Amino acid sequence: MNIPENLKYTESHEWVRVEGNIATIGITDFAQGELGDVVFVDIPEKKDLAKDDVFGTIEAVKTVSDLLAPVSGTITEINEALAEGPEAVNTDPYGNGWMIKMEINDPSELDTLLDAEAYKNLIGAS
Amino acid sequence: MKKTAFYDNHIAMGAKMVEFAGFQMPLQYSGIIQEHKRVRSTVGVFDVSHMGEFEVRGAGAADFVQRMTTNDVSKLSEGRVQYSTMCYDHGGIVDDLLVYHLGDAFMLVVNAANIGKDFAWLKEHLAPDAELVDRSDETSLLAVQGPRSRDTLKKVTDAPLDDLAYYHWVRGKIAGLEVLISRTGYTGELGYEVYMFADPLSNGKLFDAIMEAGKEFDIEPVGLGARDTLRLEMGYCLYGNDIDETTNPLEAGLGWITKLNKGEFTGRAALLKAKEEGLRRRLVGMMVDAKAFPRHGYEITAEGKPVGKVTSGTFSPILEKGIAMGYVPIELAAEGTALGIVIRGNAVDAKVVKLPFLQK
């Protein structure tokens, strides 16, 4: 199980990479494994989000799951490459499988996120 | 929780295991889409040992099976297999099953989740001159499915597979083990199902032997995930989703295995009445063009009004579209009818299509 030390995590299995006031967001290796083959990532539009707002859905063969905003902010970029190659979410969840970039409203919200160690405990990985 | 005799094989092959009907079963290995395409293109192997097997023997066995099932057992002879259903008196379905004519006995192959219910139902109606034995725990079952399944199995058995017709069975040996091989399956491809006495050591070796034989065809193990997408592309019913005690075989499109003229059987009166009154609803196939996929339980609409529920739905790995089955009023069941399926609050356009979804 790949759980990079330098990322922040949510209890709903998103990861967050913070660079300045921009957060890049995707779903974790654990999440993609649980979902199975991802066939469509539906992120309708760039918009303002409150923490825990649904910003999209992820369709796997067997199931569908909502994507939740880890912090509040504004979507500035959507990973358009996922439209043609959604399998990147499975094969490279922390790289080409990223979903959105957002401008963070309130950096203090980042403190509510889990670090790698806490996320490992959440999913029972050792 | 029960383990099948192939449990160690699954772990060794990196399966993701899930609980299903009280068994630890492989959900997937390499991934549902790859496994699905493997079966459609060459060959895959499924552990379906969770299925139940009952043996019916005795002088009254044939009459008993005839009375308890909807298909015509008098048409079966030794070496043949028949797809059938068992119905309640009210015409609802107890289970769908395979009936094997073994010569001196019948083997009924039932759904894993229904083993207890089916056994009790049969026992309750058992004729004094028939005997019923549950062989589920002592039976392992592998399905070898795909266009290269015959080529694969021929390398490990001397059973005459070239002469084995669809829905027939034969005995033989694989890896030194006595097996019963039938040309049956749940994928729509050329395929075989291999029954054997359950024993982890010998069964595990047999699995390995089949994997080795299929290497040149890129054989892969296939889990329950792809088993479901493969059967749904063919429009095959899954008990608990598409058929159950509240649906009858006629509305489920299983009229072809419901022989109302064969003589008396359980459920016949109710089914005759349903047929005479005219079916009110029908299980149909629906296809969705949007990049949103129908799932079990989603609402089906017509002109904005709810008319039914999706009983099975998925992304089709071959068609790369959403496919679904569900019951709709008979007047909406015609091919081409425009319907909606409510996916996350939006009624997405769906069209009634002919089954199977995958026209081969």
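This is a predicted model, so every value here is computed, not measured.

## Structural notes on the layout of surface pockets
Residue and element names in this part refer to chain B.
Part 1 of the argument: Empty space within the second largest pocket amounts to approximately 400 Å³.
Part 2 of the argument: Broken down by element, the residue count for the lining of the second largest pocket peaks at 4 residues, all from strand S5 (residues 52–57).
Part 3 of the argument: Split by residue class, the lining of the second largest pocket holds 9 nonpolar, 1 polar and 8 charged.

## Considering the interface of chain B and chain A
Part 1 of the argument: Listed by partner, the interface residues are 17 residues for chain B and 14 residues for chain A.
Part 2 of the argument: Between chain B and chain A the total buried area reaches about 1,300 Å² when both faces are included, carbon and sulfur atoms providing 51% of it.
Part 3 of the argument: When the area that chain B buries against chain A is broken down by residue, the three leading residues are Lys291(B), Arg295(B) and Arg344(B), summing to 41%.
Part 4 of the argument: Counting across the chain B and chain A interface gives 3 salt bridges.

## Comments concerning the nonpolar core
Part 1 of the argument: Judged by nonpolar contacts, the single largest core of 47 residues is most densely connected at Phe46(B), Leu98(B), Tyr100(B), Val109(B), Tyr195(B), Ile243(B) and Phe357(B).
Part 2 of the argument: Residues lining this core come from more than one domain, with at least three contributed by each of domain 1 (2–48 + 137–232) and domain 2 (280–360) of chain B.
Part 3 of the argument: What Ile243(B) contacts, discounting residues up to four positions off in sequence, is Ile93(B), Asp96(B), Cys237(B), Leu238(B), Ala252(B), Leu254(B) and Tyr327(B).
Part 4 of the argument: Formed by 27 residues, the second largest nonpolar core is a distinct cluster that contains Ile25(A), Leu35(A), Val38(A) and Met99(A).

## Quick look at the packing of helix H2 (residues 32–41) of chain B against helix H7 (residues 224–233) of chain B
All names here are of chain B.
Part 1 of the argument: Put simply, H2 and H7 touch, their axes get as near as 9 Å, and they point 55° apart. Comparing their axes, H7 and H2 come out oblique. At the point where H2 passes H7, the crossing takes the right-handed sense. Between H2 and H7, the contacting residues are Ile32, Glu35, His36, Val39 and Arg40 on the first element and Gly225, Ala226, Thr229, Leu230 and Glu233 on the second.
Part 2 of the argument: Grouping the amino acids of the contact of H2 with H7 by side-chain chemistry returns 4 nonpolar, 3 polar and 3 charged.

## A short note on the side chain of Thr184(B)
Residue and element names in this part refer to chain B.
Part 1 of the argument: Looking at the secondary structure, you find Thr184 in the loop between strand S12 (177–182) and strand S13 (191–197).
Part 2 of the argument: On the accessibility criterion, Thr184 (2% relative accessible area) is buried.
Part 3 of the argument: Polar contacts involving the side chain of Thr184 include one to the side chain of Ser182, which spans 2.7 Å.
Part 4 of the argument: One polar contact links Thr184 to Glu193, side chain to side chain, over a distance of 2.5 Å.

## Details of the pattern of salt bridges
Part 1 of the argument: By the definition in use, this model includes 22 salt bridges over all chains.
Part 2 of the argument: Note that Glu233(B) is salt-bridged to Arg40(B), the shortest N-O span being 2.9 Å. Of this pair, Glu233(B) sits in helix H7 while Arg40(B) sits in helix H2; the two residues are 193 residues apart in sequence, bridging distant segments of the chain.
Part 3 of the argument: In this structure, Lys273(B) and Glu277(B) form a salt bridge, with 3.4 Å as the shortest nitrogen-oxygen distance. Highlighted residues: Lys273(B) and Glu277(B), both in helix H8 (residues 268–277), separated by 4 residues, approximately one helical turn. Of the two residues examined, Lys273(B) and Glu277(B), each falls in the exposed class.
Part 4 of the argument: A cluster of three or more residues bridged by salt bridges with shared partners is formed by Lys62(A), Asp228(B), Arg231(B) and Asp242(B).

## Points about H2(B)
Part 1 of the argument: H2(B) sits mainly inside the fold: 7 of its 10 residues count as buried.
Part 2 of the argument: Among the residues of H2(B), Ile32(B), Ile33(B), Glu35(B), His36(B), Arg38(B), Val39(B) and Arg40(B) are the ones counted as buried.

## Here we look at the environment of Leu102(B)
Residue and element names in this part refer to chain B.
Part 1 of the argument: Considering the arrangement of structural elements, one finds Leu102 in the loop between strand S7 (93–101) and strand S8 (105–110).
Part 2 of the argument: Classification of Leu102 as buried rests on a relative accessible area of 13%.
Part 3 of the argument: Sequence separation between Leu102 and Gly79 is 23 residues, and the spatial gap between their C-alpha atoms is 6.3 Å.
Part 4 of the argument: Apart from residues no more than four positions distant in its own chain, Leu102 is found in contact with Glu78, Met107, Trp169 and Leu180.

## A few points about the sheet that holds strand S6 (residues 81–87) of chain B
All names here are of chain B.
Part 1 of the argument: Spatially, the 5 strands line up as an open sheet ordered S6-S7-S8-S5-S9, and their pairing is antiparallel. Where the open sheet ends on each side, the last strands, each with one partner, are S6 and strand S9 (131–134). In this sheet, adjacent strand axes meet at a mean angle of 30° when their direction is disregarded.
Part 2 of the argument: Note that S5 and S8 share 6 bridges and pair antiparallel. Residue pairing across strands places Glu55 opposite Met107, the latter belonging to S8.

## Re the domain arrangement of chain B
Residue and element names in this part refer to chain B.
Part 1 of the argument: In terms of domains, chain B is made up of domain 1 (2–48 + 137–232) and domain 2 (280–360).
Part 2 of the argument: Between the C-alpha centres of domain 1 and domain 2 the distance comes to 31 Å.
Part 3 of the argument: For the pairing of domain 1 and domain 2, the buried interface totals around 850 Å² over both sides, and the portion due to carbon and sulfur atoms is 67%.
Part 4 of the argument: Scanning the region where domain 1 abuts domain 2 turns up 0 salt bridges.
Part 5 of the argument: Taken together, domain 1 and domain 2 are joined by 1 residue pair in polar contact (both at pLDDT 80 or more).
Part 6 of the argument: With 4 residues, the top contributor of residues to the side of domain 1 that touches domain 2 is H2.

Rules used throughout
Residues numbered from 1 in each chain as written. Chains lettered and ligands numbered in written order. Predicted model: local features only at pLDDT ≥ 70, side-chain atom pairs only at ≥ 80, totals over all residues. Heavy atoms only, no water. 1 Å grid on protein atoms, 1.4 Å probe; cavity = no way out; pocket = protein on both sides within 12 Å on 5 of 7 lines; lining within 4 Å. Points joined across faces, edges and corners; volume = space filled by probe spheres on them. Helix = DSSP H or I, 4+ residues; strand = E, 2+ residues; numbered from the N terminus. Nonpolar A, V, L, I, M, F, W, Y, C, P; charged D, E, K, R; others polar. Contact = heavy atoms within 4.5 Å. Buried area = accessible area lost by both parts, 1.4 Å probe. Salt bridge = Lys/Arg side-chain N within 4 Å of Asp/Glu carboxyl O. Core = buried A, V, L, I, M, F, W, Y, C linked by side-chain atoms within 4.5 Å. Buried < 20%, exposed > 50% of the residue type's maximum accessible area, 1.4 Å probe, protein only. Domains from an automatic or database assignment. Axes fitted to C-alpha atoms, helices over the stretch in contact; angles between N-to-C directions. Parallel < 35°, antiparallel > 145°, perpendicular 65-115°, else oblique. Left-handed = near helix turned anticlockwise from the far one by under 90°. Polar contact = N/O pair within 3.5 Å; in protein donor to acceptor, adjacent residues only side chain to side chain. Pairing = 2+ DSSP bridges.

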